[in-house]
Amino acid sequence: MLKTFGVAGAALGVGSVLSNPLLGASHSKPSGKNNSNPWIYAFNIGDVEAWSISDGFLDIRAGLSIMYPESERGQMKQLLEQHSEQTDSLHMYINILVLRRDKEVIVFDAGFGIVDNPNRGWLIEGLETIGIKRADVTAAFLSHTHGDHIAGFIAPDETPMFPNAAIYTTPEEHKFWMQTSHDFSRTKRDPNALVRLVEAAQMRLELLKGQIEHTPAGTKLFGGLVTVEDAFGHSPGHAMYRIESAGESLLNITDIAHNDLIMFRNPSWVIGWDHDMGQAVDTRRRVFKQAAQQKTPVFGFHVPWPGLGSIVPRGSGESYDWAPRRLFWA
C-alpha cells in the first residue's frame, strides 16, 4: 500500500503573501478576494510539490431542494442540523489542485476564471502568489465541462488562459458536449439551464480545441505520475485522477461529492446536477468503498478547503465520514 503524502505544509493568506520576498515588491493584495483569509495550502506528494488553491466558494440558495431522493430530505436536514450546519442553503468550495515537478506545472480543473465577483475566481492570483505564471502551466486536466471547472481555462479576451498547456479530458466527455443532440433524461437539472450549459460547453471547447487531448480512463501520464480514472455519472465522461510519486499517493475525486456530510453519510443521496444520477451513485459507492478500504488520501473539489482528507467507514454498511486532514504550517 502506498504511503500517505508528506505532512509539511503551509497556508498562505494576504499577510504572508505581502511579506514574502520571493514575490517581489510590486505584488499587491489580490484584488478579487473579499477577505484576507488563507486560500493557498502547500504540501508534497512524494517528490512533487503540490498546492491546494481556493478559487472561492458557492452559496447554493436552493438548499436541499437540489438533493434527491425527495422523500429523504428530512433525514438530510436532520444530519445538517446535528452538525450545526445551515439547512436553507448549501455551501460548496472550489478547490484547485496544482502540481509542480521539475519543469512540469499541472493544474487540475480551472475554476471560474477571472470574474467580477469577490467570492470566486481566485486561481490566477493564487498561481502568481506561488510564482507560477499562466504561461508556465504545461498541462491541465479537465474532469468535466461544468462552468466551475472549464470557465477558468478561458481568459477574459476569449483566448486560452494557459496557452502552453495540453488540456487532457476523456473522449466520452468531449464527444457528448460537442454532438448535436443530447440525452438529459437521467438528470434533474432545469431544462432551460441545460440549453445554456450546452451552449457554454461547446463555445469553450471550441476555443480550446487546439489544446485538448483525449485521455481515456486508464491513461497514465508523466511517467505514471497521473492516472486518469473512470468517475462517470456526474457528467458523461467525468474523470478523477490518481497521483503517485515516490511511494505516496493522492486520489483527486473531483465532483464525486458536493457536500462533506450528506454525500458521505449516505452515498445514495444524490445531487440533481448529476447527468446520470444512478451511475453517479454507483460510482460514489465504488470509489468510497475502495478509498476507505485502502486508506487512500483524497482530494475533493467541493469539500471544505483545502480539500485534503480521507474517507472513513461508519460501521459495516455503506456509510462514511469525511475526515479532514490535519493542517501543518511550515
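Residues numbered from 1 in each chain as written. Predicted model: local features only at pLDDT ≥ 70, side-chain atom pairs only at ≥ 80, totals over all residues. Heavy atoms only, no water.

Could you clarify how one ought to interpret the pairing of strand E13 (residues 248-252) in this entry?
Each regular strand carries side chains that alternate between the two faces of the sheet. Burial runs high along E13: five of the five residues are buried. Because side chains alternate across E13, one face comprises the buried residues Glu248, Leu250 and Asn252, and the other comprises Ser249 and Leu251, equally buried. Summarising the sheet, strand E12 (residues 239-245) and E13 pair through five bridges and their orientation is antiparallel. Pairing of Ile243 across the sheet is with Leu250, part of E13. Hairpin connection from E12 to E13: two residues lie between these consecutive antiparallel strands, with Ala246 at a positive phi of about 50°. (Buried < 20%, exposed > 50% of the residue type's maximum accessible area, 1.4 Å probe, protein only. Helix = DSSP H or I, 4+ residues; strand = E, 2+ residues; numbered from the N terminus. Pairing = 2+ DSSP bridges.)

Is there a simple way to think about the nonpolar core in this case?
Where a protein is soluble and globular, its nonpolar side chains tend to be buried together. Ranked by size, the top nonpolar core spans 70 residues in total, and within it Ile53, Met67, Leu127, Phe153, Phe162, Ile262 and Ile311 carry the most contacts. Non-local contacts of Ile262, meaning those with residues more than four positions away in its chain, are made with Leu64, Met67, Met76, Leu79, Leu80, Leu90 and Trp269. Core analysis: the second largest hydrophobic core is formed by 24 residues, Phe43, Ile45, Ile106 and Ala239 among them. (Core = buried A, V, L, I, M, F, W, Y, C linked by side-chain atoms within 4.5 Å. Contact = heavy atoms within 4.5 Å.)

In this structure, what is going on with unusual backbone geometry? I would like to understand it.
One can expect most non-glycine residues to show negative phi and most peptide bonds to be in trans. Pro69 follows Tyr68 through a cis peptide bond whose omega is 0°. Within the element layout of this structure, Pro69 appears in the loop between strand E4 (67-68) and helix H2 (73-82). In this structure, Pro306 follows Trp305 across a cis peptide bond, with omega equal to 10°. One can find Pro306 in the loop between strand E15 (298-299) and strand E16 (308-313). Positive phi outside glycine occurs at Lys295, with the angle close to 55°. Within the secondary structure, Lys295 sits in the loop between helix H8 (277-294) and E15. Looking at Lys295, the relative accessible area reads 63%, which means it is exposed.

I tried to follow helix H5 (residues 171-178) on my own but got confused; where do I start?
An α-helical turn contains 3.6 residues, so a residue and the one three or four places further along point in the same direction. When we look at burial in H5, the residues that qualify are Glu173, His174, Phe176 and Trp177. Buried residues in H5, looked at end-on, bunch into an arc of 165°, giving them a common side. The inward-facing, buried residues of H5 abut strand E8 (166-169), helix H6 (191-207) and strand E9 (212-214). (Arc of directions from axis to C-beta.)

Any chance you could explain the packing of aromatic side chains here in plain terms?
With the rule as written, the count across this model stands at 15 aromatic pairs. Considering the side-chain rings of Phe288 and Tyr320, the 5.7 Å spacing of their centres and the 80° angle between planes classify their relative orientation as edge-to-face. With Phe288 in helix H8 and Tyr320 in strand E17 (residues 320-324), the pair connects residues that are 32 residues apart, well separated along the chain. Taken together, the ring pairs connect Phe108, Phe141, Tyr168, Phe222 and Tyr241 into an aromatic cluster. Across the ring face of Tyr68, the terminal group of Arg73 is positioned such that the distance to the ring centre comes to 4.9 Å. For Arg120, the ring lying beneath its charged end belongs to Phe112, and the centroid distance is 4.8 Å. (Phe/Tyr/Trp six-rings, centres within 6.5 Å; stacked < 30°, edge-to-face > 60°. Lys NZ or Arg CZ within 6 Å of the ring centre and 35° of its normal.)

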